[in-house]
Amino acid sequence: MFLGRCTVLTVTLISHTPQPEQIIAAAAKLCYSDTTVEDLMDGLSAEQAEKFVGMLETMGHESPVEHVTFTFGIAGVSRSLLAQITRHRIASFSVQSQRYVRKNQFTYVTPPAIAADEAAAALYHQTMEQTVQAYNALADRLQATYYPQFLAEGCTEKAARSKAEKKAIEDARYVLPNACETKMMVTMNVRSLRHFFQLRCCNRAQWEIRNLATQMLKLCCEAAPALFRHAGPACCQGGCPEGKMTCGQMAAVRERFAALHAAPSTAETR
């Protein structure tokens, strides 16, 4: 019986550049003062670093914040989300492979609108069950074809079985849906993260990546509040850039993200 229905979005801040505000302040100090690289960190208290960060934001000087990165572990997201997040160019991604990991009981993401409709949910889950059956049938059939071929090439039974399965799931995965769950590690610098939050925390962003972006922003605010005090959808920093396609809820959005920034920190040192 196919049991892979439930998956929950999980976001973990694995690591970030130590002393992020001080590192950025040191980069700015190098730009604006006659100092040596050996002395960059001298006298940069947390309070002074925070002032540097605020000054840079006011000036729109963003290159110094690129020296600080945040790395996230993400699970419970769909391949559909993967297609969206990898459009953000200045980032590093490591993603669970469907070539090497067999999905014989894959978990999948269910859109809230489908989950809320009993008939739609039944059809959706039925489709997923049919898909996993087709995937397993294709993988088994292809593996049975490749196994004797690898034996004939001189592989041991164990090696032939392993190679045959890998080669089989390479092609069987083509039937897997966008809903199929994946896991990834993502690293972005602060400048890229701020841009990511502007676009993906917006109400007009697709619901799944919006939820992910909001959770990532919360973790960033807990770890380095000075760097992300104004981060969020574009309307939190000015007018809505969506024009006629605006969600029309700018006041509510601003209130929600103001509350997120004001929440007490629960970040842990890693």
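Residues numbered from 1 in each chain as written. Predicted model: local features only at pLDDT ≥ 70, side-chain atom pairs only at ≥ 80, totals over all residues. Heavy atoms only, no water.

J.: Just checking my understanding: could you explain the packing of helix H8 (residues 207–223) against helix H10 (residues 250–262) for this structure?
T.: In a packed pair of helices, the relevant descriptors are the angle between the two axes and the axis-to-axis distance. Where H8 meets H10, the closest approach of the two axes is 9 Å, and the angle between their N-to-C directions is 35°. Along the contact surface, H8 presents Thr-214, Leu-217, Lys-218 and Cys-221, while H10 presents Phe-257, Leu-260 and His-261. Here the residues of the contact of H8 with H10 sort into four nonpolar, two polar and one charged. (Axes fitted to C-alpha atoms, helices over the stretch in contact; angles between N-to-C directions. Helix = DSSP H or I, 4+ residues; strand = E, 2+ residues; numbered from the N terminus. Contact = heavy atoms within 4.5 Å. Nonpolar A, V, L, I, M, F, W, Y, C, P; charged D, E, K, R; others polar.)

J.: When you look at the packing of aromatic side chains in this model, what are you seeing that I'm missing?
T.: For any two aromatic rings, the description comes down to two numbers: the centre-to-centre distance and the angle of the planes. Considering all chains together, one arrives at five aromatic pairs under this definition. With 6.1 Å between their ring centres and 65° between their planes, Phe-106 and Tyr-108 make a pair best called edge-to-face. One exposure class covers both Phe-106 and Tyr-108, and it is buried. Taken together, the ring pairs connect Phe-70, Phe-196, Phe-197 and Phe-228 into an aromatic cluster. Above the ring of Tyr-146, the side-chain terminus of Lys-167 is found at 5.2 Å from the ring centroid. (Phe/Tyr/Trp six-rings, centres within 6.5 Å; stacked < 30°, edge-to-face > 60°. Buried < 20%, exposed > 50% of the residue type's maximum accessible area, 1.4 Å probe, protein only. Lys NZ or Arg CZ within 6 Å of the ring centre and 35° of its normal.)

J.: I would appreciate a short explanation of the nonpolar core in the present structure.
T.: Side chains of a nonpolar character, in soluble globular proteins, are inclined to be buried together. Of all hydrophobic cores here, the largest spans 40 residues; its most connected members are Phe-70, Phe-72, Phe-197 and Phe-228. If near-sequence neighbours (up to four positions away) are discounted, Phe-197 is found in contact with Cys-202, Ala-213, Met-216, Leu-217, Cys-220, Phe-228, Ala-231, Gly-232 and Pro-233. In terms of nonpolar packing, the next biggest core, distinct from the first, is built from 12 residues, Tyr-124, Met-128, Ala-179 and Cys-180 among them. (Core = buried A, V, L, I, M, F, W, Y, C linked by side-chain atoms within 4.5 Å.)

J.: Explain the side chain of Thr-17 here, please?
T.: Counting through the fold element by element, Thr-17 comes out in the loop between strand E1 (10–16) and helix H1 (20–32). A distance of 2.9 Å separates a polar side-chain atom of Thr-17 from the backbone nitrogen of Thr-69. Apart from residues no more than four positions distant in its own chain, Thr-17 is found in contact with Ile-23, His-67, Val-68 and Thr-69. (Polar contact = N/O pair within 3.5 Å; in protein donor to acceptor, adjacent residues only side chain to side chain.)

J.: I keep staring at the pattern of salt bridges and nothing clicks. Help me out?
T.: When the charged atoms of two side chains with opposite charge come close together, those side chains can pair. All chains considered together, the criterion is met by eight salt bridges. Among the ionic pairs, Arg-102 bridges to Asp-140, the shortest N-O distance being 2.9 Å. Linking Arg-102 in the loop between strand E3 (92–95) and helix H4 (112–115) with Asp-140 in helix H5 (residues 118–152), this pair joins segments that are 38 residues apart in sequence. Overall, the relative accessible area of 42% leaves Asp-140 in the partly exposed class. For Glu-170, the salt bridge identified is with Lys-166, shortest N-O distance 3.0 Å. Of this pair, Glu-170 and Lys-166 are both found in helix H6 (residues 157–172), four residues apart, which corresponds to roughly one turn of the helix. Relative accessible area serves as the criterion here: at 27%, Lys-166 is assigned to the partly exposed category. Look at the salt bridges and you will find they share partners, linking Arg-99, Lys-166 and Glu-170 into a network. (Salt bridge = Lys/Arg side-chain N within 4 Å of Asp/Glu carboxyl O.)

J.: Looking at this model, I keep getting lost on H5. Mind explaining?
T.: In an α-helix there are 3.6 residues to a turn, and that puts residues three or four apart on one side. Between its first and last C-alpha atoms H5 spans 52 Å; for 35 residues at 1.5 Å apiece the expected length is 51 Å, and the two agree. Of the residues that open H5, the one with a side-chain oxygen 3.1 Å from the backbone nitrogen of Ala-119 is Asp-117. Taken from the residues just after H5, Gly-154 is the one with a positive phi, measuring 100°. (Expected span 1.5 Å × (residues − 1).)

J.: Whenever I open this one, H8 confuses me. Can you help?
T.: Counted at 1.5 Å a residue, the expected span for H8 with its 17 residues is 24 Å, and the 25 Å between its end C-alpha atoms agrees. Along H8, the residues classified as buried are Glu-208, Ile-209, Leu-212, Ala-213, Met-216, Leu-217, Leu-219, Cys-220, Cys-221 and Glu-222. Tucked inside the fold, the buried residues of H8 contact E1, strand E2 (69–78), helix H3 (79–85), helix H7 (190–200), helix H9 (225–228) and H10. Between the side-chain oxygen at the start of H8 and the backbone nitrogen of Glu-208 there is a gap of 3.1 Å, and the oxygen is on Gln-206.

J.: Before we go on, may I ask you to explain the environment of Asn-178 in this structure?
T.: The residue Asn-178 is located in the loop between H6 and strand E4 (181–189) in this model. Residues Asn-178 and Tyr-108, 70 residues apart in the sequence, show an inter-C-alpha distance of 8.6 Å. Contact partners of Asn-178, with chain neighbours within four places excluded, come to Ser-78, Arg-79 and Ser-80.

J.: Before we go on, may I ask you to explain the sheet that holds E2 in this structure?
T.: Two strands in a sheet stick together by hydrogen bonds in their backbones, pointing the same way (parallel) or opposite ways (antiparallel). With respect to topology, four strands assemble into an open sheet ordered E1-E2-E4-E3, the strand pairing being antiparallel. In the strand order of this sheet, the two ends are held by E1 and E3, each with one partner. Averaged over all pairs of adjacent strands, the angle between their axes in this sheet comes to 20°, without regard to strand direction. Inspection of the sheet shows E3 paired to E4 by four bridges, in the antiparallel sense. Residue pairing across strands places Ser-92 opposite Thr-187, the latter belonging to E4. (Pairing = 2+ DSSP bridges.)

J.: For this particular structure, what's the right way to read the pairing of E2?
T.: Remark: a regular strand shows side chains that alternate across the two faces of the sheet. Among the 10 residues of E2, eight are classified as buried, and the element is accordingly described as predominantly covered. As judged from the six bridges shared by E1 and E2, these two strands associate in the antiparallel manner. Its bridge partner lying in E2, Val-11 is registered against Ile-74.

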